[in-house]
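The residues making up each chain are set out below.
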Amino acid sequence: MRLKEILSFHPFANQFSALYDIEINAIKMDSREITNGDMFVCINGFTVDGHDYIEEAIEKGAIIVVAERNVEATVPVIVVEDTVRFLAMAASCFYQYPTSKLSLIGVTGTNGKTTVTYLLENIFKQCGKKTGVIGTIQMKIGEDVYPVDNTTPDALFLQRTIREMIDQEVEQVIMEVSSHALDQGRVYGCDYNTAIFTNLTQDHLDYHDSMDDYLRAKSLLFAQLGNRYDCKAKKFAIINQDDPASKKLIRSTAQSVITYGIDRDAMVMAKSITLTSTGTTFLLCTPDGDTMINSKLIGKFNVSNMLAATAAALSNGIPLEVIKSALETIPGVNGRFELVPHSRSFSVIVDYAHTPDSLENVLTTIQELAKGKVYVVVGCGGDRDRTKRPIMAKIALRYADKAIFTSDNPRTEEPEMILHDMVNGLTPTDGHYQIIVDRRKAIHQAIHQAAKDDIILIAGKGHETYQQIGLVKYHFDDREAAKEALLLKEN
Ligand SMILES: CC(=O)N[C@H]1[C@@H](OP(=O)(O)OP(=O)(O)OC[C@H]2O[C@@H](n3ccc(=O)[nH]c3=O)[C@H](O)[C@@H]2O)O[C@H](CO)[C@@H](O)[C@@H]1O[C@H](C)C(=O)N[C@@H](C)C(=O)N[C@H](CCC(=O)O)C(=O)O
Ligand SMILES: Nc1ncnc2c1ncn2[C@@H]1O[C@H](COP(=O)(O)OP(=O)(O)OP(=O)(O)O)[C@@H](O)[C@H]1O
Ligand SMILES: N[C@H](CCC[C@H](N)C(=O)O)C(=O)O
Ligand SMILES: [Mg+2]
């Protein structure tokens, strides 16, 4: 693509008119990926500064550099105030504004994003639409799955992927939008037609200075809703009225707002909720009518997720009967409240709860269902919010009869130090716990001890099929570890 076209979003592009005819092969943000004819955009990151890799980028074939300051280079340099913003806009332009050519739903919030995206995927699939999903577990184009590194990818990967989805005739994309991505401008070039807020509770305080800063990042999704390209099309903000942050988020968008809730009055509501060990029933009340839902998903929090998906689907013109059918047929989401199949008289559940609020929600749900004792096996991730560690440990002790604290993904931290953070400050009145650093051994121990009617919750890693210790990811799957232990169990 000619540079003139790539710069078409730039308000003063004509200052670079002498460069207009340069043909750009691809836009890159990583010097290691440069090939002949590329544009290299320098991003000042958390670990290194992309400006330090200009020479390497040119050696590998970069023919133009975009930087935030005047730098010496043997190729033309375009200086802009903010390369992050430039990258997002240029990537969107380079891939011909893919997000404005299909329907794009973004889901943000501390918990429930992945679940809501898969509920919506099921709803749109029931309508015969080809879908794309981008999120924590994987990227999906129709039924094809691809691995991902981040929940929300960088701007280049994102725009390229959505272009690929268009080429493969995807009509509806549903993506998770993390607060990191919003803060780092990864989604700045995206034209969402619907933005969903699930909830805001403590997480990521290693990254965000405060809960207010975390909320500010989340609110960017609503602030950027429908402010570009085609402002005539209807855009919707779907907001959880039960969450105290709802008011601020409603004020951050100029678009139509649809509220949903269980505990507070909202446009889309659930009433008469009944939880069982095999699912949840509730009366779904919407402006298009009311209908009973019999879902296989377990827990009140999942009712909230279903309301979010319903509100988004209704605003996208999906009939209520289709929504009902989709909510009732989805078997569950990989690694979320997932029952490990076996023929014993107790239950083993693998769940992705890795925040205080999600752990509390899952444990209170299990408490309601348990006829015997509740066990929890849980740890906290390394190189992540340290302040959530003691809170999660307390929650585990408050709701479980037996807690085994273990490793999650220690990453570059010492596993023992993470466990120390969890239990330091607990008092004997908080409850009794065991520490077993090795996660496999911790799972084996819980299953070894379990008796009739007990429920074991293995929390934190859900769908993950690895455990990251140091910089190495080893194969590890909570479900496999549980199955091994079940085979070894004698009684
Ligand atoms: C803290 C954080 O979010 N870091 C993200 C950030 O990395 P960074 O700022 O450290 O990048 P950097 O290494 O300093 O590099 C800066 C620039 O120099 C370039 N570079 C670097 C080296 C080199 O040799 N040449 C070169 O050109 C890089 O390509 C980059 O453009 O930018 C990268 C590219 O977008 C991200 O992949 C990376 O995510 C890391 C891997 C990460 O773990 N992020 C987590 C915390 C995260 O984002 N999580 C959320 C989900 C959280 C949740 O909701 O639960 C997510 O969306 O995944
Ligand atoms: N609406 C909700 N409110 C509170 N907890 C929830 C909710 N939905 C799911 N959970 C809990 O949070 C865990 C993670 O759910 P999910 O993967 O859907 O969230 P997420 O927002 O995508 O998480 P991540 O930030 O890691 O991508 C679930 O396993 C469950 O324990
Ligand atoms: N997206 C989250 C996932 C956390 C999952 C948990 N297993 C951990 O490793 O802390 C993060 O990167 O913080
Ligand atoms: Mg997720």
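What you see is a predicted model, and the numbers here were worked out from it, not measured in a lab. (Residues numbered from 1 in each chain as written. Chains lettered and ligands numbered in written order. Predicted model: local features only at pLDDT ≥ 70, side-chain atom pairs only at ≥ 80, totals over all residues. Heavy atoms only, no water.)

Draft legend 1. Structural detail: the site of ligand 3. The environment of ligand 3 is made up of H204, Y352, H354, G381, R384, D408, N409, R411, G460, K461 and E464. G460 places a main-chain nitrogen or oxygen 2.8 Å from a nitrogen atom of ligand 3. The contact in question runs from a nitrogen atom of ligand 3 to an N or O atom on the side chain of E464, over 3.3 Å. With the chains in place, 86% of the 350 Å² that ligand 3 exposes on its own is no longer accessible. Of the residues contributing to the shell around ligand 3, the split by class is 1 nonpolar, 5 polar and 5 charged. (Near = heavy atom within 4 Å. Polar contact = N/O pair within 3.5 Å; in protein donor to acceptor, adjacent residues only side chain to side chain. Areas by Shrake-Rupley, 256 points an atom, 1.4 Å probe, with all protein chains shown as cover. Nonpolar A, V, L, I, M, F, W, Y, C, P; charged D, E, K, R; others polar.)

Draft legend 2. View of the site of ligand 1. Around ligand 1 there are 23 residues in total, and F46, T47, V48, T151 and S178 lie nearest to it. At a separation of 2.8 Å, an oxygen atom of ligand 1 approaches a polar side-chain atom of Q184. Between R186 and ligand 1, the recorded distance is 2.9 Å, taken from a side-chain N or O atom to an oxygen atom. Of the residues belonging to the shell around ligand 1, the class tally is 6 nonpolar, 11 polar and 6 charged. Looking at which domains feed residues into the shell around ligand 1, each of domain 1 (3-94) and domain 2 (98-329) gives three or more. (Domains from an automatic or database assignment.)

Draft legend 3. View of the sheet that holds strand 8 (residues 144-146). Within the open sheet, the 11 strands sit side by side as 8-7-6-9-5-10-11-12-13-14-15. Their pairing is mixed. Of all the strands in the sheet, the pair left with one neighbour each is strand 8 and strand 15 (289-295). Mean inter-strand twist for the sheet, computed between neighbouring axes without regard to direction, equals 15 degrees. Sheet topology places strand 11 (residues 236-240) next to strand 12 (residues 256-261); 5 bridges connect them, and they run parallel. (Pairing = 2+ DSSP bridges. Helix = DSSP H or I, 4+ residues; strand = E, 2+ residues; numbered from the N terminus. Axes fitted to C-alpha atoms, helices over the stretch in contact; angles between N-to-C directions.)

Draft legend 4. A look at the domain arrangement of the protein. On domain assignment, one finds that the protein holds domain 1 (3-94), domain 2 (98-329) and domain 3 (338-490). A C-alpha centroid distance of 33 Å is found between domain 1 and domain 2. Of the residues lining the interface, 11 residues belong to domain 1; the matching set on domain 2 comes to 12 residues. For the pair domain 1 and domain 2, the two sides together bury roughly 970 Å², of which 73% comes from carbon and sulfur. At the boundary of domain 1 with domain 2, the tally comes to 0 salt bridges. Counting across the interface, domain 1 meets domain 2 through 2 residue pairs in polar contact (both at pLDDT 80 or more). Looking at the side of domain 1 that touches domain 2, the elements with two or more residues in it are strand 1 (27-28) and helix 3 (83-94). Per-element tally for the side of domain 1 that touches domain 2: the top contributor is helix 3, with 7 residues. (Contact = heavy atoms within 4.5 Å. Buried area = accessible area lost by both parts, 1.4 Å probe. Salt bridge = Lys/Arg side-chain N within 4 Å of Asp/Glu carboxyl O.)

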